[in-house]
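Residue-level structure breakdown
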Amino acid sequence: MSPLESSRAKKGATRDLSRLLRPRSIAVVGGGYWCQQVVRQSRAMGFTGDIWRVHPRSDVVEGITAVARVRDLPHVPDAVFLGINRHSTAAAVSELAAMGAGGAVCFASGFAEADAEDPASAGLQADLVAAAGDMPILGPNCYGFVNAVDGALLWPDQHGCARVDRGVAILTQSSNIAINLTMQRRALPIAYTVTCGNMAQTTQADIAMALLDDPRVTALGLHVEGFGDTHLWHALAQKAYDKSVPIIVLKIGVSDQAQQATVSHTASLAGSDAGASAFLRYLGIPRMQDLPTFLETLKLLHCHGVLPGSRLSSISCSGGEASLVADMAAQHAVSFPPLSDAQRNALSSALGPMVALSNPLDYHTYVWGDADKMAAAWLPMAAPHIDLVMIILDYPHTDATAWDCATQAAIVVHKRSGRPVAVVATLPELLPPDVSARLMAAGVTPLHGVREALGAVEAAAGCIAPQDAPPLRAGPSGKTEMLSEAEAKQSLARFGITVPRGLVVKRADLGGMASALVAPLALKAIGLAHKSEAGALKLNMRAETLATAVRDMPGDQFLIEEMVAGSVAELLIGVTRDAAHGFVLTLAAGGVLTELWDDQRSLLVPASRDDVAQVLAELRIYPMLRGYRGAKAACLPAVIDAVMGLQDYVINNAAHVQEVEINPLMCTPDAAIAADALIVRCTPLIPAGEPNGPD
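Residues numbered from 1 in each chain as written. Predicted model: local features only at pLDDT ≥ 70, side-chain atom pairs only at ≥ 80, totals over all residues. Heavy atoms only, no water.

A word on the sheet that holds strand β2 (residues 50-54)
Here is the rule: Strands are labelled as partners when DSSP assigns at least two bridges between them. For the purposes of this entry, the term helix denotes a DSSP run of H or I that reaches at least four residues, the term strand denotes a run of E that reaches at least two, and both are numbered from the N terminus.
Reading across the sheet, the 5 strands line up as β2-β1-β5-β6-β7 and stay open at both edges, with parallel pairing between neighbours. Both outer strands of the open sheet, β2 and β7 (137-138), are each paired with one neighbouring strand and no more.

Here we look at the environment of Asp 362
As a reminder, the rule being used: We call two residues in contact when some of their heavy atoms are within 4.5 Å. We define a polar contact as two N or O atoms separated by no more than 3.5 Å, with the added condition that, inside protein, one atom must be a possible hydrogen donor and the other a possible acceptor, whereas residues neighbouring each other in sequence contribute only through side-chain atom pairs.
Along the chain, Asp 362 turns up in strand β16 (residues 361-362). With 41 residues separating them in the primary sequence, Asp 362 and Glu 321 have C-alpha atoms 8.1 Å apart. The contacts of Asp 362, once residues within four sequence positions are left out, are Ser 316, Cys 317, Ser 318, Gly 319, Val 355 and Ala 356. There is a polar contact of 3.3 Å between the side chain of Asp 362 and the backbone nitrogen of Ser 318.

Overview of the confidence of the model for the protein
Caution is warranted with low-pLDDT regions, since their predicted coordinates should not be read in detail. Defined as follows: For every residue, the predictor states its confidence as a pLDDT score lying anywhere from 0 to 100.
For the protein, the mean per-residue pLDDT works out to 90, and 92% of the residues sit at or above 70. Segment residues 687-695: pLDDT under 50, and 20 contacts once partners within four positions in sequence are set aside and those in other chains are kept.

Brief notes about the pairing of strand β19 (residues 445-448)
In the case of a regular strand, side chains alternate between the two sheet surfaces. Going by this rule: Throughout this description, buried means an accessible area under 20% of the type-specific maximum (1.4 Å probe, protein chains only), exposed means over 50%, and partly exposed covers the range between. By convention a crossover is right-handed if, when the strands point away from the viewer, the path from the first strand over the helix to the second runs clockwise.
By the alternation rule, side chains of β19 split into Thr 445 and Leu 447 and Pro 446 and His 448, which are all buried. As paired elements, strand β18 (residues 421-425) and β19 share 4 bridges and run parallel to each other. Of the residues in β19, the one forming a bridge with Val 423 is Pro 446. In terms of handedness, the path from β18 via helix α15 (residues 433-441) over to β19 forms a crossover that is right-handed.

As for the layout of surface pockets
Stated formally: Think of a 1 Å grid over the protein atoms and nothing else: a 1.4 Å probe that fits but is trapped marks a cavity, an open set flanked by protein within 12 Å on at least five of seven lines marks a pocket, and residues with an atom within 4 Å of a point count as lining. Grid points are joined across faces, edges and corners, and a volume is the space filled by probe spheres set on the points.
Here the largest pocket defines a volume of roughly 1,400 Å³. Looking at the largest pocket, it is lined by 41 residues, and the ones nearest its centre are Ser 277, Arg 281, Pro 286, Arg 287 and Glu 458. Of all the secondary-structure elements, those providing two or more residues to the lining of the largest pocket are α9 (265-283), β14 (287-288), α16 (450-460), β27 (600-604) and α21 (609-618). Counting residues per element, the lining of the largest pocket draws most heavily on α9, which supplies 9 residues.

A few points about helix α3 (residues 32-45)
For clarity, the cut-off: Here the expected length of a helix is defined as 1.5 Å per residue gap, with one fewer gap than residues.
Between its first and last C-alpha, α3 extends 20 Å over 14 residues, near the 20 Å set by a 1.5 Å rise per residue. Taken as a whole, α3 has its buried residues at Cys 35, Gln 37, Val 38, Val 39, Gln 41, Ser 42 and Met 45. Once α3 ends, the next one or two residues include Gly 46, with phi positive near 85°.

Regarding the nonpolar core
Defined as follows: Working definition of a nonpolar core: buried Ala, Val, Leu, Ile, Met, Phe, Trp, Tyr and Cys residues. They are joined through side-chain atoms within 4.5 Å.
In this structure, Tyr 192, Leu 211, Leu 220, Leu 222, Trp 233, Phe 294 and Met 390 are the most contacted members of the largest nonpolar core, which totals 103 residues. Ranked by residue count, the leading element in this core is α16, at 7 residues. When residues no more than four places from it in sequence are discounted, the contact partners of Leu 211 are Leu 21, Ala 169, Leu 171, Tyr 192, Val 194, Val 217 and Leu 220. Of all hydrophobic cores here, the second largest spans 46 residues; its members include Leu 472, Ala 638, Val 639 and Tyr 649.

So, the side chain of Asp 157
Condition: Lys and Arg are tallied as positive, Asp and Glu as negative. Neither His nor the chain termini are counted. Put simply, a salt bridge is a Lys or Arg side-chain nitrogen that is within 4 Å of an Asp or Glu carboxyl oxygen.
One can find Asp 157 in the loop between β9 (152-154) and β10 (167-172). As a buried residue without a salt bridge, Asp 157 has its nearest oppositely charged side chain in Arg 40, at a separation of 11 Å. Excluding residues that lie within four positions of it along the chain, Asp 157 makes contacts with Trp 34, Gln 37, Gln 41, Tyr 143 and Ile 179.

Brief notes about the pattern of salt bridges
Should their charged atoms come close, side chains of opposite charge can pair. In this structure the tally under the stated criterion is 24 salt bridges. For Arg 186, the salt bridge identified is with Glu 296, shortest N-O distance 2.6 Å. Of the two residues, Arg 186 is situated in the loop between α6 (175-182) and β11 (190-195) and Glu 296 in helix α10 (residues 291-304); the sequence distance between them amounts to 110 residues. A relative accessible area of 16% means that Arg 186 is categorised as buried. It is possible to trace a salt-bridge network through shared partners that takes in Glu 485, Lys 489, Lys 524 and Glu 561.

Notes on the environment of Ile 560
Along the chain, Ile 560 falls in strand β24 (residues 557-562). If sequence neighbours within four positions are ignored, Ile 560 has contacts with Arg 501, Gly 502, Leu 503, Val 505, Leu 510, Ala 514, Leu 517, Leu 521, Ala 522, Leu 523 and Leu 546.

Some remarks on helix α11 (residues 319-329)
Note the threshold: Think of the arc as the fan of directions from the helix axis to the C-beta atoms.
Looking only at α11, the buried set comprises Glu 321, Ala 322, Val 325, Met 328 and Ala 329. For α11, the buried positions fall inside an angular range of 135° around the axis, keeping them on one side. The secondary structure elements touched by the buried residues of α11 are β15 (312-316), β17 (388-392) and α16.

Written as structure tokens, this is what we have:
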């Protein structure tokens, strides 16, 4: 946790950004091209408030003469764009804070982002935060924002936004990505575009919280590099859900960075990105994978809000298109319910006997050219049990006049049915901007690209309530130590996890002491994480064969256990400490080939029994747990009990847990038994009093 987040956690409050983001007056401090552009862009957007300039030269830009100093401004400004060098920025911020300004955008770079090249830069950023005090600042190294509902811009470059009455808000740390997103020509109404820069003081979650207070914002789209304070993000997700304003996130930073120096299979499977995905799942926020789908999802959410499900009707005049949609849908969590009897009767009446009726529907071209007949033919597909009607239409760029009937019919279907309707082009460029604008005005979503449309539907149906409580904080860790397998099993057994009968013996005592155990036996050398690879594991032993078997095994202490019989399937359950997101709970197909199968899902701690049951059902190995092809089923309640017991261990030992793993968890028809277990403990690096431990 950064000093900023620690301070906020202790105060329990965030700064008021309303004057900064929705200003009645703007001051631009600095000269040159970028500062002049802020003035010109605000004027071009039709900002009706006061605009003032501060610069030592009393030149004139857009009819505005500059004053020499901040203290010479005629009134206290609501929002200030600081286009001056980094060494002057902190002094200006201090002066603005003292006079009660509403907030500032710090355009200059050369702060913490340049620490590798200039060690003094981090100190400059600390000075900037101290100078601001309670006055909010965006940046530094920040382009600022476009407020297209009020026409207020603190933005030094071109943009593609136009005035809107309501629309979505887009937040990103990347100014260039922000510019590119505003240049979209997909009829998406953008109310706000905000860049966050270094987030020295005001974080992306802070800004998003403030934007939720504007009722003209219909959805939030966040391009995220890192989350920071997980509890603040949880508060954001809860506030957005309570206000019925959906959030989607495009999270970047997929890497193998967190897979270095790990001892468990769990850590190897999870990596750094699994924590981000688990965190977003915990918040009920869909994760996007690319910018086009990100934009199309925002558009769908703006038009229709969160979809109650992902049941689709698809309508096209081509069997090829119908097949294309069905094939692409297999990669997404969407479905095409079969036609009901009522739908079949209505479609048969509208289309006649020559059309094969199904969903997706190829209606041929018998009704093409007559908007009324087209609407009548499409209307049965907009049944009450359908969450979105997809009408596949590609408009020619040569002459789209003959396609006007289709546009009219799509609008009629939406009006008459009251159901969400989207017109989808198979290629993004085959949906003209004027047609998209017309559809949007009528409440029909124009979606550019089939793959993007299906991804948008999946995401729009995936905006759900966050978990009730914030996730368990992890925080960074220091020195680690690994418990022996016997010690790990003893620790987990205290939390209700079943372990095999066994005992720890020295090499010289193997034969005699093992006679109390029931063969077949497992013989394991103590002190190694991956026993199979090290030759430290032998199975199907008997007491009288142990002395011979141990000769070529490493170590002097051994764990002898009764082997588990009757296993239906093997699972891995494990938790890794992720300082950025919390504790990541991973469920996977287990055994020595865990990484090879690559069959895993992750949750964030704490997870409920229902969460665990749902994730188990998502695994490819799940049919084996349920009893595949007449085989016996595993005892799923016992499996879930084991997962919850492992989670309870983590919650009760959060300050010192680095990794915990059971692999394999032997799933039998009657029990779930931890055949192998690993616990790595750590020394926490959180100073006393920091709120990063269990809550």
